[in-house]
Amino acid sequence: MNSKALCGILMLVAGTAFCASTKEINFSFDPSRFTTEKKGDAVLFRYNDPRCKYVEHGAGAPVLPCIEVYVVMPKGATYTKCRTRVESLPLAGTYTLYTRESNADVLQYAKRYPERLVEYAGRRALGEYTLFTFRVYPMSCQPGDGSVARTLRVGLVVEYETADKGKYETVTAEQIVKVKSLVLN
């Protein structure tokens, strides 16, 4: 193979290679939205927000509030990984945490729930826009010792790849308003 052909192939490969980038997002939870609800002998922690859902990570795991948040990304972005910085505040006292079903194993091990306070939940399109979805937990707990911590602030560094410059075509003001009402950034 001659040097011109080899150079051409290398340029083609370099031109189609993915570019790795990062995007940093910061957000906080409003302390006035944290509440508790008594459920028999247990406590269900709530976060009063219309986006809030309640999840459990396995049979007998505590039911925890979770918020799905969206981050607009460059066009065609592919999720690689994320790093988080979390500021939390341990609550005084111990709690019997609400579970939908009983599982003695959950109480025997010093496992924190959720395992990660931020979880990547997928990629979706909203019109022309690429959105990454994350589940963010305003609470964490350790059922074995009854400890609970409130999440105050989260810094999220999203690592992603894109094959092109990731620029969007011109969009209408209506589309921009719709995206801005949904995303954090």
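Located above this text is the structure these notes cover.
Residues numbered from 1 in each chain as written. Predicted model: local features only at pLDDT ≥ 70, side-chain atom pairs only at ≥ 80, totals over all residues. Heavy atoms only, no water.

Student: Outline the packing of aromatic side chains, listing residues and values.
Tutor: Applying the stated criterion across every chain, the model contains nine aromatic pairs. Taken together, Phe27, Phe29, Phe34 and Tyr47 form an aromatic cluster joined through their ring pairs. Over the ring of Tyr98 we find Lys39; its NZ or CZ atom is 5.3 Å from the centre of that ring. The ring of Phe34 has Arg150 lying over it, and the distance from NZ or CZ to the ring centre is 5.2 Å. (Phe/Tyr/Trp six-rings, centres within 6.5 Å; stacked < 30°, edge-to-face > 60°. Lys NZ or Arg CZ within 6 Å of the ring centre and 35° of its normal.)

Student: Please give an account of the sheet that holds strand 7 (residues 118-126) that cites residues and values.
Tutor: A sheet is described by the order of its strands in space; here four strands give the open sequence 4-5-8-7, paired in antiparallel fashion. Lying at the two open borders of the sheet, with one neighbouring strand each, are strand 4 (52-55) and strand 7. Neighbour-to-neighbour, the strand axes of the sheet open up by a mean angle of 35°, direction not taken into account. Sheet topology places strand 4 next to strand 5 (residues 64-73); four bridges connect them, and they run antiparallel. Across the sheet, Cys52 pairs through a bridge with Ile67, a residue of strand 5. (Pairing = 2+ DSSP bridges. Helix = DSSP H or I, 4+ residues; strand = E, 2+ residues; numbered from the N terminus. Axes fitted to C-alpha atoms, helices over the stretch in contact; angles between N-to-C directions.)

Student: Could you give an account of the pattern of salt bridges, naming the residues involved and the relevant values?
Tutor: Taken as a whole and judged by the stated rule, the model has twelve salt bridges. As a salt-bridge pair, Asp49 and Arg33 come within 2.7 Å of each other at their nearest N and O atoms. Of this pair, Asp49 sits in the loop between strand 3 (42-47) and strand 4 while Arg33 sits in the loop between strand 1 (19-28) and strand 2 (34-39), and the two are 16 residues apart along the sequence. Residue Arg33 is classed as partly exposed on the basis of its relative accessible area of 31%. Among the salt bridges present, the one from Asp49 reaches Arg51, with a minimum N-O distance of 3.0 Å. Residue classification places Asp49 among the buried residues on the basis of a relative accessible area of 12%. What makes Arg51 partly exposed here is its relative accessible area of 39%. (Salt bridge = Lys/Arg side-chain N within 4 Å of Asp/Glu carboxyl O. Buried < 20%, exposed > 50% of the residue type's maximum accessible area, 1.4 Å probe, protein only.)

Student: Break down unusual backbone geometry for me, citing the residues and quoting the values.
Tutor: Here the bond from Tyr113 into Pro114 is cis, since omega is -10°, no more than 30 degrees from zero. By the secondary structure assignment, Pro114 is in the loop between helix 2 (104-108) and strand 7.

Student: Which residues make up the nonpolar core, and what are the values?
Tutor: One finds Phe29, Met73, Phe132, Phe134 and Val136 to be the most contacted residues of the largest nonpolar core, which totals 29 residues. At the level of elements, strand 1, strand 3, strand 5, strand 8 (129-136), strand 9 (139-142) and strand 10 (147-162) are the ones that each hand at least two residues to this core. Beyond its immediate sequence surroundings of up to four residues, Phe29 is in contact with Phe34, Tyr47, Ile67, Val136, Tyr137, Pro138, Thr151, Leu152 and Val154. Listed in part, the eight residues of the second largest apolar core include Tyr70, Leu131, Val171 and Val179. (Core = buried A, V, L, I, M, F, W, Y, C linked by side-chain atoms within 4.5 Å. Contact = heavy atoms within 4.5 Å.)

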